[in-house]
Amino acid sequence: MIKQKLVLIGNGMAGVRAIEEVLKINPEGFEITIFGTEPYPNYNRIQLSKVLQGGTSVSDITLNDWEWYEDNKIRFYPGETVTSLNTTNQTVSTDKGRIESYDQLIIATGSNPFMLPLPGADKEGVKAFRNIKDCEEMIEYSKRHKKAAVIGGGLLGLEAARGLLNLGMEVDVIHIFDYLMERQLDRTAGKLLQTELEKQGMNFILQKNTAEITGRKHVTGLKFSDGSRIKADLVVMAVGIKPNVALAQEAGIPVNRGILVNDYLETDIPNVFAVGECAEHRGIAYGLVAPLYQQGQVLAKRLCGVRDNGYQGSVLSTQLKVSGVDVFSAGKINEDESTKVYKMYDDWNGTYKKVLIEDGKIAGAVLFGDTKDGNKLFDFIKKGALIEEYLESSQSANSEVNLVASMPDEEIICGCNGVTKGSIVEAIKANGLTTVDQVKGCTNASRSCGGCKSLVSDLLACTLGEHFQADQKEAICGCTTLSRDEVLAEIREKGLTHIREVMNVLEWESDGCSKCKPALNYYLGMINPLKYQDEHEARYVNERMHANIQKDGTYSVVPRMYGGVTTSEDLRKIADVADKYKVGMIKVTGGQRIDLLGVYKEDLPKIWAELDMPSGSAYSKGLRTVKTCVGENFCRFGTQDSIGMGIRLERKFEGLNTPHKVKMAVSACPRNCAESGIKDVGVVGVEGAWEMYVGGNGGTHLREADLLFKFKSGDELVEMIGAFLQYYRESAKYLERTSAWVERLGIDHIRDVLSDELMVKEYNNRIDEALSVVQDPWKEAINNKNLLRDLYQNVKVPVETK
Amino acid sequence: MEKTLRSVFIGEVAELPQKLGKTVIVGNKEIAVFKTENGDIRAIENRCPHKGGVLAEGILSGEYVFCPMHDWKISVKDGNVQAPDVGCVQTYPVEVNGGQVYVLIRE
């Protein structure tokens, strides 16, 4: 059979996507030629802002590399622009004088950035943000200049502004409206977004019309219609795009805003199609990626003669690719007479949710701060689901899985890389995938912005069914296939007592690693605290040395100060030691202790001996510090003796080994000056009672602690903290913080377990046993000559003189 | 300049800690000496090629040490950094003579 000649003008996301779909349906059917103006293979334009924001290179955003063209026998002319079409002879001509004939022609010329026709817009230093070259030029610019102005407070403008901030520039964003992203957000969400971005360092100039770009040859600033001015060395215009239709127009193809196409992406001229941002379908020229992919699929079917219903238009959804800002919107944005809204606004946490309802059906949504419902709402909008369905689904946990189950196979899960549900499910089944990372590696889904991660995870769950649960039981590290629970059961059952024994008996595949050795050391000690001989060679450096290693190999030393309280005598000792050993810096830690930084390994024992204070263990996987406020003794709001309670807790639980670090705090009133709300165990004193909060975390994954119980007496409180800690010690995976552990088990479950008085007693017996063998590690090291030699002394060989 | 191997005495076998590293300073060179679980003695440069982490303080597992700074896995036998990271650390030959440990250093 003679192959048809298929020519694609434009090497962008839409056109190449259509070619990919053609190759899937009929790999041998066409002789394919692609012309692209940019000198690169096909790349992911929507990830450009990530390149500008740093950490992502151009090769990271390449969708199809050079080999792909070769492998699929595509004739590719990069850096070559088609300058005219002859639809009668069916040929295209290029700027390099090439003339190519076609049987089928796809126009996918995309769009151009819209440049405001301002006086001075042609000056040096005025840029668009559209392609790799723009991106590279801005990066180059930032090395020599400080002040940037971005005209346009929409999606693209804000992403560009974030990138320029990352490049170290000062950024003013000028927007004609009184709030940001007015096309995708309502006023409330737009204002929340503004506050958040201002915190990140962006400066906004709203409701201003730029009248002129000032400067001689090179831009120096902007002048607004009200006469005011700002300075700028770089001006980025991000006010919108316009479909690139010149080529089609000159060839006599009917054009409105974009090239007019029907539901099969056919233009008015036989054998000529248009797809992507240059095309206009039912009055809309789309500028987002998902519709372009949907159009590509339809076009490929049409070219290959596969029947379907054609393209029916797309509901749009938007997410901003700026770190730390979660924004989602889809469908209808603003209320009118025909809509009702379901709205939740939490000013304190900065979250906002609005669902628009039209005739009882979900017509649109705006989410700010918490966007995890985005996928679900988007699907409901597309289906025209009833609002009740959404409200009910929020109650039941399984709804997400049901949701992906009901999606059609062609549904695009990953908008960034155009991966459909069908291809993900196929990959899971064909390759036996069980984790999101594996799906990522195999299909590219969720490789870019990560917005679809939860959908991919849901797809795994519904494809694998109960086997997905098996995935939760992950091996403790690559040296074994056994999970934490299995290893613990074997240790107990077989009475194993040493790390090496565990590895031998349970057939470890290597000599262990930096993950399993410390974990086994912890588990063995937790199971048998009285008999287990801790193996210091299996501990991380900080816990082996009882000091915190710094980047240059020196250490920092934190003497213990119970409850954060010290004395003038201790302070004098600390100051003397700091002088004598010339410590690099004396710093107050976040846990209200004093840190001596820059101490040499060999000096550690001497410093401890001279300090003659216990170790702060400010670097252990154990109780670190108990932070306190001054409480009832001094504070006019304090209702309880927070310092006394803090000291009591710290003295009781110091030296305890736990799966990960444990931080505590005691505040004497709900003002929470000791920050009890983000501690593993946080205590808040209220009039006549103590509240006990657990599972808080102020680290990478910020988590507010949950209220567990309230107690009248301090003794009951301390007993419950003991039970809680022991339950955590016994059931958490090594290196699982209480925050993750509380989320995994559920606070209600933990409360159930600890509501049993007998259990509380038993946990306390076991924790007391573990605490009974605790020694001050600094004293231990000072008194043990072998330990001193093995851990703290270097061998110094004098240089020979010849 | 002629390069020769210099044999440097660093201590008795019995004085080296089992399954741990020891920092040995020879002039301006820092060497991490390890006595592995099966008694072999290995000497490598005390600097992770990643960010200069002090390898003597890492966790030793069999023939590998895990850098205490960012957990790179490095062979104490041939100095090779293990995948997915790449690089190599200089190794030094070790001789044991009558319970005494010598490291051979090129000068």
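Higher on the page you've got the structure.
A quick note: this is a predicted structure, and the numbers were derived from the prediction, not measured. (Residues numbered from 1 in each chain as written. Chains lettered and ligands numbered in written order. Predicted model: local features only at pLDDT ≥ 70, side-chain atom pairs only at ≥ 80, totals over all residues. Heavy atoms only, no water.)

Colleague: I tried to follow the overall build of chain B on my own but got confused; where do I start?
Modeller: On a plain count of helices and strands, chain B comes out with 0 helices and 10 strands. Of the regular secondary structure in chain B, the N- to C-terminal order runs β-β-β-β-β-β-β-β-β-β. Sorting the 107 residues of chain B into buried and exposed places 50% on the buried side. Sequence-distant contacts in chain B: of pairs separated by 6 or more residues, those separated by 24 or more amount to 39%. Carbon together with sulfur atoms contributes 45% to the accessible area of chain B, which is approximately 5,000 Å² in total. (Helix = DSSP H or I, 4+ residues; strand = E, 2+ residues; numbered from the N terminus. Buried < 20%, exposed > 50% of the residue type's maximum accessible area, 1.4 Å probe, protein only. Contact = heavy atoms within 4.5 Å. Areas by Shrake-Rupley, 256 points an atom, 1.4 Å probe, with all protein chains shown as cover.)

Colleague: Where do I start with the sheet that holds strand β35 (residues 689-694) of chain A in this structure?
Modeller: Within a sheet, neighbouring strands are paired by backbone hydrogen bonds and run either parallel or antiparallel to one another. Residues and elements named next belong to chain A. Taking strand neighbours across the sheet as the criterion, the 5 strands line up as β32-β33-β34-β35-β36 in an open arrangement whose pairing is mixed. Each of the sheet's edge strands pairs with one partner strand only, and the pair in question is β32 (623-628) and β36 (706-711). Neighbour-to-neighbour, the strand axes of this sheet turn through a mean angle of 20 degrees, independent of strand direction. Alignment of strand β34 (residues 681-686) against β35, held across 6 bridges, turns out to be antiparallel. Residue pairing across strands places V686 opposite A689, the latter belonging to β35. Strands in contact with helix α23 (residues 714-731) are β33 (662-667), β34, β35 and β36; relative to β35, the strand with the most contacts, it is inclined by about 10 degrees. Sheet contacts for helix α25 (residues 747-754): β35 and β36; angle to β36, the most-contacted strand, approximately 25 degrees. (Pairing = 2+ DSSP bridges. Axes fitted to C-alpha atoms, helices over the stretch in contact; angles between N-to-C directions.)

Colleague: Help me understand helix α9 (residues 374-383) of chain A in this model?
Modeller: An α-helix turns once every 3.6 residues. As a result, residues three or four positions apart point the same way. Residues and elements named next belong to chain A. In terms of burial, α9 is largely enclosed, as 7 of its 10 residues are buried. Taken together, the buried positions of α9 are G374, K376, L377, F378, D379, F380 and I381. Looking one or two places after α9, you find G384, whose phi comes out positive at around 65 degrees.

Colleague: Please clarify how a negative patch on the surface should be interpreted in this entry.
Modeller: Judged by side-chain charge, D65, E67, E70 and D71 of chain A come together as a negatively charged surface patch. Within the secondary structure, E70 of chain A is located in helix α3 (residues 66-71). (Patch = residues over 30% accessible without salt bridge, like charges linked within 9 Å, V, L, I, M, F, W, Y side chains within 5 Å. Salt bridge = Lys/Arg side-chain N within 4 Å of Asp/Glu carboxyl O. Lys, Arg positive; Asp, Glu negative; His and termini not counted. Charge placed at Lys NZ, Arg CZ, Asp CG, Glu CD.)

Colleague: How should I be thinking about the interface of chain B and chain A in this particular structure?
Modeller: Interfaces are often sized by the accessible area lost when the parts come together. Listed per partner, the contact involves 30 residues of chain B and 35 residues of chain A. If you look at where chain B meets chain A, you find 4 salt bridges. Linking E37 of chain B and R500 of chain A is a salt bridge whose minimum nitrogen-to-oxygen distance equals 2.8 Å. Between chain B and chain A we count 16 residue pairs in polar contact (both at pLDDT 80 or more) in total. Within the residue set of the side of chain B that touches chain A, elements represented by two or more residues are β1 (5-12), β2 (21-26) and β5 (59-61) of chain B. Broken down by element, the residue count for the side of chain B that touches chain A peaks at 6 residues, all from β2 of chain B. Residue composition of the side of chain B that touches chain A, by class: 15 nonpolar, 6 polar and 9 charged. Where strand β37 (residues 795-797) of chain A lies against β2 of chain B, 3 bridges are found, and the strand directions are parallel. When the sheet's bridge partners are listed, V795 of chain A is paired in β2 of chain B with V24 of chain B. (Polar contact = N/O pair within 3.5 Å; in protein donor to acceptor, adjacent residues only side chain to side chain. Nonpolar A, V, L, I, M, F, W, Y, C, P; charged D, E, K, R; others polar.)

Colleague: What should I look at first to understand the pattern of salt bridges in this one?
Modeller: Where charged atoms from two side chains of opposite charge come close, those side chains can pair. All names here are of chain A. Applying the stated rule across the entire model yields 60 salt bridges over all chains. Among the salt bridges present, the one from E277 reaches R130, with a minimum N-O distance of 2.7 Å. Linking E277 in the loop between β19 (272-274) and β20 (279-281) with R130 in the loop between β9 (126-128) and α4 (132-144), this pair joins segments that are 147 residues apart in sequence. The class of E277 is buried, set by a relative accessible area of 11%.

Colleague: So what exactly am I meant to see when it comes to the packing of aromatic side chains here?
Modeller: The geometry of an aromatic ring pair is captured by two quantities: the separation of the ring centres and the angle between the planes. All names here are of chain A. Taken as a whole and judged by the stated rule, the model has 19 aromatic pairs over all chains. Centre to centre, the rings of Y727 and Y763 are 5.5 Å apart; their planes meet at 35 degrees, and the pair counts as tilted. With a gap of 36 residues between them, Y727 in helix α23 and Y763 in helix α26 (residues 757-772) connect regions that are remote in the sequence. Of the two residues, Y727 and Y763, both sit in the buried class. Site record: aromatic cluster; members linked through ring pairs are F724, Y727, Y728, W741 and Y763. (Phe/Tyr/Trp six-rings, centres within 6.5 Å; stacked < 30°, edge-to-face > 60°.)

Colleague: Can you help me understand the layout of surface pockets in this one?
Modeller: To find leftover empty space, a probe the size of one water molecule is rolled over the atoms. Residue and element names in this part refer to chain A. In this model, the second largest pocket occupies a volume close to 1,600 Å³. As for the second largest pocket, its lining consists of 43 residues, of which D326, G369, D370, T371 and K372 are closest to the centre. Residues belonging to the lining of the second largest pocket are distributed by class as follows: 15 nonpolar, 14 polar and 14 charged. (1 Å grid on protein atoms, 1.4 Å probe; cavity = no way out; pocket = protein on both sides within 12 Å on 5 of 7 lines; lining within 4 Å. Points joined across faces, edges and corners; volume = space filled by probe spheres on them.)

Colleague: Would you mind going over the packing of helix α20 (residues 568-580) of chain A against helix α21 (residues 604-611) of chain A with me for this structure?
Modeller: Packed helix pairs are specified by the crossing angle of their axes together with the interaxial distance, meaning the distance between the axes. Residue and element names in this part refer to chain A. Two elements in contact, α20 and α21, have axes separated by 10 Å at closest approach and are oriented at 155 degrees. In this view, α20 runs roughly antiparallel relative to α21, as classed from their interaxial angle. The crossing of α20 and α21 is right-handed. Contacts from K573, I574, V577 and K580 in α20 reach I607, E610 and L611 in α21. Considering only residue class, the contact of α20 with α21 consists of 4 nonpolar, no polar and 3 charged. (Parallel < 35°, antiparallel > 145°, perpendicular 65-115°, else oblique. Left-handed = near helix turned anticlockwise from the far one by under 90°.)

Colleague: Whenever I open this one, the side chain of H281 of chain A confuses me. Can you help?
Modeller: Residues and elements named next belong to chain A. By the element assignment, H281 lies in strand β20. Accessibility expressed as a relative area gives 1% for H281, which makes it buried. Residues within four places of H281 in sequence aside, it is in contact with V261, N262, D263, Y311, Q312 and G313.

Colleague: For this particular structure, what's the right way to read α4 of chain A?
Modeller: All names here are of chain A. The first and last C-alpha atoms of α4 sit 19 Å apart over 13 residues, in line with the 18 Å expected at 1.5 Å per residue. Every buried residue belonging to α4 is among I132, D134, C135, M138, Y141 and S142, and all of these are buried. Next to the buried residues of α4 lie α2 (48-53), β9, α5 (155-166) and β16 (234-237). The opening residue of α4, the one whose side-chain oxygen lies 3.2 Å from the backbone nitrogen of K133, is N131. (Expected span 1.5 Å × (residues − 1).)

Colleague: Explanation requested: the pairing of strand β12 (residues 203-206) of chain A in the structure shown.
Modeller: Two faces make up the sheet, and in a regular strand the side chains alternate between them. Of the strand pairs in this sheet, strand β11 (residues 170-175) of chain A and β12 of chain A are connected by 4 bridges, and their pairing is parallel. When the bridges of β12 of chain A are listed, I174 of chain A appears paired with I205 of chain A.

Colleague: Even after reading the chapter, I still don't get the environment of S617 of chain A, so can you show me in this structure?
Modeller: Residue and element names in this part refer to chain A. With respect to the helices and strands, the residue S617 is situated in the loop between α21 and β32. Residues S617 and P559 lie 58 residues apart in sequence; the distance between their C-alpha atoms is 8.2 Å. Beyond its immediate chain neighbours, meaning those up to four positions away, S617 contacts R560, L623 and R624.

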